[in-house]
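These are the residues of each chain, in order.
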Amino acid sequence: MQLSYWELKNWFSNVDYTVVGSGIVGLHAALRLRERFPASKIIVIEKGMLPQGASTKNAGFACFGSLSEIIEDLNSHTEQEVVHLIEKRWKGLHLLRQRLGDTVIDFKPFGGYEVFLEEQDSMYANCINKLPFVNEMLRSLFKSDVFAKQVDRFGFKGTKENVIYNPFEGQIDTGNMMQALLKHAYTANILILNQHTVTAISEKGSSVEIALNDFSFSSKKVLFATNGFANKLTNGEVKPARAQVLITEPIANLNIKGTFHLDCGYYYFRNIENRILLGGGRNLDFEGETTTELAQTEIIQNKLEQLLKEVILPNQDFKIAHRWSGIMGVGNSKKPIVSQLSEHVYCGVRLGGMGVAIGSVIGTELADLV
Ligand SMILES: Cc1cc2nc3c(=O)[nH]c(=O)nc-3n(C[C@H](O)[C@H](O)[C@H](O)COP(=O)(O)OP(=O)(O)OC[C@H]3O[C@@H](n4cnc5c(N)ncnc54)[C@H](O)[C@@H]3O)c2cc1C
């Protein structure tokens, strides 16, 4: 690529901080860097026309974990780790709401519900048994019960009579959130370059040489916020996990309002105005969904449609309006990785399936490593 004197001078000379990835984490990291270093030159490099991982693809649950997910996490993490993670998600949600404003992100405090299929006897019994324990575990954080048993009033079919209600969960408009974050970044004089992929980096003395497809430049520090694309960067600690979603056309007299979790969080659905957005089913093909390719598969899309028809909207006609997928970053632990990789290189990755809430905190922590 041939750049002019002006382009080199204004964009690519004396770059202090380069953030790779313009998702929730990358943009919050860039904004935090701006707070700390008002006079610095900050560039964000994004491989997509828009952010192309999870942040503009997600379901917009402002959540911190359903009861069954928390119980499952307690099998692989200590109680302290689980509480710490929930606390970070909760604080992250507050930071996001405070930074962008509830009206802008269309935050709706409709509450969240966990729904159990009729045949999920042991999972349901386990959740009911452990509900008081989990409420106690979270009391210091929320100052009241988080989870409560409620009779299903949504007319689901083939499900247990009771759902588990969480009044602290809400929903946001994902598109609004990401547009607002981008606007904040532009206003804070952060340069965002889309459709450029960082292909390699090499540390050279007091700076890092950053290679794009057809061009390279130097930056004093590089911060990777590449989440599901960070496999190589983290020596395999982060794996890509595709998540598929569909949304219906508007449905007359839709009675479903809130965010809903089904089957240990493997399925999730919500209303967005009078439509239903439904995603999940990765557990039907873990191997096939360990990919960075944005696409849909028949097996998962068929299952999503079947759930809509038989469980979620058994008595209503609906049409599918649109389908898409996004790429998450997962690993052995639910804890995001925020670390310094070498003298001038840092990363904040492995956000899992709940990055909307925790993303702001991870971006801030990433920037604070510098
Ligand atoms: C379908 C779906 C539904 C979800 N639903 C929810 C939900 O309801 N609630 C919730 O809390 N979380 C949800 N999540 C998870 C949440 O969206 C993520 O945890 C969060 O967006 C991660 O943000 P991030 O900034 O770390 O990653 P991303 O948003 O993936 O950002 C990483 C960016 O890095 C860019 N990039 C990667 N490599 C390079 C490179 N070499 N050069 C330049 N750019 C690069 C990518 O294009 C991408 O834009 C969902 C995820 C998906 C996919």
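All values derive from a computational prediction rather than experimental measurement. (Residues numbered from 1 in each chain as written. Predicted model: local features only at pLDDT ≥ 70, side-chain atom pairs only at ≥ 80, totals over all residues. Heavy atoms only, no water.)

Concerning unusual backbone geometry
Test applied: Secondary structure elements follow DSSP: runs of H or I no shorter than four residues count as helices, runs of E no shorter than two count as strands, and numbering proceeds from the N terminus.
Backbone geometry places Lys143, a non-glycine residue, at a positive phi of 65°. Mapped onto the elements of the fold, Lys143 is located in the loop between helix H6 (121-142) and strand S5 (148-151). Phi is positive for Gln195, which is not a glycine, with a value near 60°. Its place among the elements puts Gln195 in the loop between strand S8 (191-193) and strand S9 (200-204).

Side note on the site of the ligand
The following threshold applies: We define proximity as follows: a residue is near a molecule or strand when any one of its heavy atoms falls within 4 Å of that partner. Whenever a nitrogen or oxygen atom comes within 3.5 Å of another N or O atom, the pair is scored as a polar contact, on the condition that within protein one atom can donate a hydrogen and the other can accept it, and that pairs from neighbouring residues in sequence are kept only if both atoms are in side chains. Accessible surface is estimated by sampling points in the Shrake-Rupley manner with a 1.4 Å probe; for residues, cover comes only from the protein chains shown.
In the vicinity of the ligand, 38 residues are found, and the nearest of them are Glu46, Gln52, Ser55, Phe61 and Val356. Within the backbone of Val25, an N or O atom sits 3.0 Å from an oxygen atom of the ligand. In the environment of the ligand, an oxygen atom lies 3.1 Å from a nitrogen or oxygen atom belonging to the backbone of Gly355. In isolation the ligand has 1000 Å² of accessible area, and contact with the protein removes 97% of it.

Side note on H6
As a reminder, the rule being used: Axes are fitted to the seven residues ending at a residue and to the seven starting at it; the angle between these axes is taken as the bend at that residue. Only protein chains enter the accessibility calculation, which uses a 1.4 Å probe; a residue whose area is less than 20% of its type maximum is buried, one above 50% is exposed, and one in between is partly exposed.
The largest bend along H6 reaches roughly 45° and is located at Lys130, with the proline Pro132 sitting one to four residues downstream. Looking at H6, one finds that the buried residues are Met123, Tyr124, Cys127, Leu131, Val134, Asn135, Met137, Leu138 and Phe142. Taken from the residues just after H6, Lys143 is the one with a positive phi, measuring 65°.

Here's the deal with the packing of helix H4 (residues 79-100) against helix H9 (residues 355-368)
What describes two packed helices is the angle between their axes and the distance between those same axes. As a reminder of what qualifies: To get an axis, fit a line to the C-alpha atoms, keeping to the stretch in contact for a helix; angles then go from 0 to 180 degrees between the N-to-C directions. Each angle is binned into one of four classes, with values under 35 degrees roughly parallel, values over 145 roughly antiparallel, values of 65 to 115 roughly perpendicular, and all other values oblique. The contact rule is simple, with two residues in contact once any of their heavy atoms fall within 4.5 Å. Throughout this entry, Asp, Glu, Lys and Arg are counted as charged residues, while Ala, Val, Leu, Ile, Met, Phe, Trp, Tyr, Cys and Pro are counted as nonpolar. The remaining residues, Gly among them, count as polar.
At a closest axis distance of 6 Å, the pairing of H4 and H9 adopts a crossing angle of 90°. The pairing of H4 with H9 is recorded here as roughly perpendicular in orientation. Contacts from Leu85, Lys88, Arg89, Lys91, Gly92, Leu93, Leu95 and Leu96 in H4 reach Val356, Ala357, Ile358, Ser360, Val361, Thr364 and Glu365 in H9. Taken together, the residues that form the contact of H4 with H9 break down as eight nonpolar, three polar and four charged.

Overview of the sheet that holds S5
Using the following cut-off: When DSSP finds at least two bridges between two strands, those strands are taken to pair.
The strand order across the open sheet built from eight strands is S5-S6-S4-S13-S14-S15-S12-S16, with neighbouring strands paired in mixed fashion. Of all the strands in the sheet, just S5 and strand S16 (320-330) have a single pairing partner and so form its edges. Each strand of the sheet is rotated relative to its neighbour by a mean of 25°, with strand direction disregarded. Bridge count for strand S4 (residues 112-115) against strand S6 (residues 162-166) is three bridges, and the pairing is antiparallel. Note that in S6 the partner of Gly112 across the bridge is Asn166. Each of S5 and S6 touches H6; the most contacted strand, S5, lies at about 130° to it.

Let's talk about the side chain of Glu46
For clarity, the cut-off: Counting rule applied: Lys, Arg positive; Asp, Glu negative; His and chain ends not counted. Should a side-chain nitrogen of Lys or Arg be within 4 Å of a carboxyl oxygen of Asp or Glu, the pair is scored as a salt bridge.
For Glu46, the location among the structural elements is in the loop between strand S2 (42-45) and strand S3 (61-62). No salt bridge forms around the buried Glu46; measuring N to O, its nearest opposite-charge neighbour Lys47 is 5.5 Å away. A distance of 3.4 Å separates the side chain of Glu46 from the backbone nitrogen of Gln52, its partner in a polar contact. Those residues in contact with Glu46 that lie beyond four places of it in its chain are Gly21, Ser22, Gly23, Pro51, Gln52, Leu193, Asn194, Gln195 and His196.

Structural notes on the nonpolar core
In a soluble, globular protein the nonpolar side chains are often hidden away together inside. Our working rule: The term nonpolar core refers to a set of buried residues drawn from Ala, Val, Leu, Ile, Met, Phe, Trp, Tyr and Cys, joined through side-chain atoms within 4.5 Å.
Core analysis: the biggest nonpolar cluster contains 61 residues, and Leu138, Phe147 and Ile190 have the highest contact counts within it. Tyr113, Tyr165, Leu278 and Leu313 belong to the second-largest nonpolar core, a separate cluster that totals 25 residues.

A closer look at the packing of H4 against H6
To keep it simple, the criterion reads: By definition, any crossing whose near helix is turned counterclockwise from its far helix by less than a right angle is left-handed, and any crossing with a clockwise turn is right-handed.
Contact geometry for H4 and H6: axes closest at 11 Å, N-to-C directions at 50°. Relative to H6, the element H4 lies oblique. Like other packed secondary-structure pairs, H4 and H6 cross with a definite hand, here right-handed. Across the interface between the two elements, Glu79, Val82, Val83, Ile86, Glu87 and Trp90 of H4 pack against Phe133, Met137, Leu138, Leu141 and Phe142 of H6. Grouping the amino acids of the contact of H4 with H6 by side-chain chemistry returns nine nonpolar, no polar and two charged.

Regarding the pattern of salt bridges
This model, assessed by the stated rule, comprises 17 salt bridges. Between Glu35 and Arg32 there is a salt bridge whose closest N-O contact spans 2.9 Å. Pair noted here: Glu35 and Arg32 are both in helix H2 (residues 24-36), with a separation of three residues, about one helical turn. By relative accessible area, Glu35 is classed as partly exposed at 48%. Among the ionic pairs, Arg99 bridges to Glu35, the shortest N-O distance being 3.1 Å. Here Arg99, found in helix H4, pairs with Glu35, found in helix H2; they are 64 residues apart in sequence, far enough to count as distant. Among the residues examined, Arg99 registers a relative accessible area of 17% and is labelled buried. Through salt bridges with shared partners, a single network forms among Arg32, Glu35, Arg36, Arg99 and Asp368.

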